[in-house]
Amino acid sequence: MTHQGAVLQGYNNELVKCIEDLCMQKEELNKQIQQAEEEKSKLQHQIQVLSEQLECVCENLAQKVASRNELDKILAETEAAYMKILDSSRTLLNVLKKEVGSLKHTPEVKTN
């Protein structure tokens, strides 16, 4: 019976060792899970911060694009008006040259 008791004691020791190994593996896995959860939380916070920054940049960009579009409109209108002024100036200059030219061809009025 002592032989069977020794065998049983050996099995018991081996079983206890296996249980202890499993407990250590569980503890190590719990540490890894905790680290992963902390990393996940950190990344989610960074995503939130970056999302808020992106939203601000997008709003700022939209305002700048709207301002640029308004400036493009004003610039186009100004250039069109300036071209009309140039055209009117050219017309005025041509009329003035004709008038001056016709004055040169008319006989001078003699005064007494």
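Labelled according to an unreviewed UniProt entry, the chain appears under the name SSNA1 protein, originating from Rhinopomastus cyanomelas.

A. Spotlight on the overall build of the chain. Along the backbone of the chain there are one helix and zero strands. Against the 2.2 N^0.38 benchmark of 13 Å for 112 residues, the chain shows a C-alpha radius of gyration of 48 Å, more extended than a compact globule. With 112 residues in all, the chain has 0% of them scored as buried. Here the chain has roughly 10900 Å² of accessible surface; of this, 61% comes from carbon and sulfur atoms. Mean positive and mean negative side-chain charge positions of the chain (14 and 18 charges, respectively) differ by 18 Å.

B. Seen up close, the UniProt feature "coiled-coil region" (unreviewed entry) in the chain. Taking the numbering used here, the UniProt-annotated feature "coiled-coil region" (unreviewed entry) corresponds to residues 19-53. Secondary structure across residues 19-53 divides into 100% helix and 0% strand, with the first and last C-alpha atoms of the span separated by 51 Å.

C. Region of interest: the pattern of salt bridges. Under the criterion given, the structure shown has two salt bridges. Of the charged contacts in the structure, one is a salt bridge between Asp21 and Lys17, with a shortest N-O distance of 3.3 Å. Here Asp21 and its partner Lys17 are both found in helix α1 (residues 2-105), four residues apart, which amounts to about one turn of the helix. Looking at Asp21, the relative accessible area reads 30%, which means it is partly exposed. Taking relative accessible area as the criterion, Lys17 reaches 47% and is therefore assigned partly exposed.

D. Structural context of the state of the cysteines. Scanning all chains against the criterion turns up zero disulfides. Looking at Cys56, it has no disulfide partner, and the nearest cysteine sulfur is the one in Cys58, 9.4 Å off.

E. Main features of a nonpolar patch on the surface. Together, Tyr82, Met83, Ile85 and Leu86 make up a nonpolar patch on the protein surface, roughly 410 Å² of accessible area in all. Summarising the element assignment, Met83 is placed in helix α1. Assessed through its relative accessible area of 52%, Met83 is described here as exposed.

F. Representation of the environment of Leu22. Positionally, Leu22 belongs in helix α1. Sequence separation between Leu22 and Ala36 is 14 residues, and the spatial gap between their C-alpha atoms is 21 Å.

G. Just the environment of Cys18, in detail. Examined against the element boundaries, Cys18 turns out to sit in helix α1. Judged by its relative accessible area of 40%, Cys18 is partly exposed. Along the backbone, Cys18 and Gln44 are 26 residues apart, and their C-alpha atoms lie at a distance of 38 Å.

The rules behind each value
- Residues numbered from 1 in each chain as written.
- Predicted model: local features only at pLDDT ≥ 70, side-chain atom pairs only at ≥ 80, totals over all residues.
- Heavy atoms only, no water.
- Helix = DSSP H or I, 4+ residues; strand = E, 2+ residues; numbered from the N terminus.
- Rg over C-alpha atoms; globule rule 2.2 N^0.38 Å.
- Buried < 20%, exposed > 50% of the residue type's maximum accessible area, 1.4 Å probe, protein only.
- Areas by Shrake-Rupley, 256 points an atom, 1.4 Å probe, with all protein chains shown as cover.
- Lys, Arg positive; Asp, Glu negative; His and termini not counted.
- Charge placed at Lys NZ, Arg CZ, Asp CG, Glu CD.
- UniProt positions renumbered as here; feature names shortened; annotations may be inferred.
- Salt bridge = Lys/Arg side-chain N within 4 Å of Asp/Glu carboxyl O.
- Disulfide = S-S within 2.5 Å.
- Patch = residues over 30% accessible without salt bridge, like charges linked within 9 Å, V, L, I, M, F, W, Y side chains within 5 Å.

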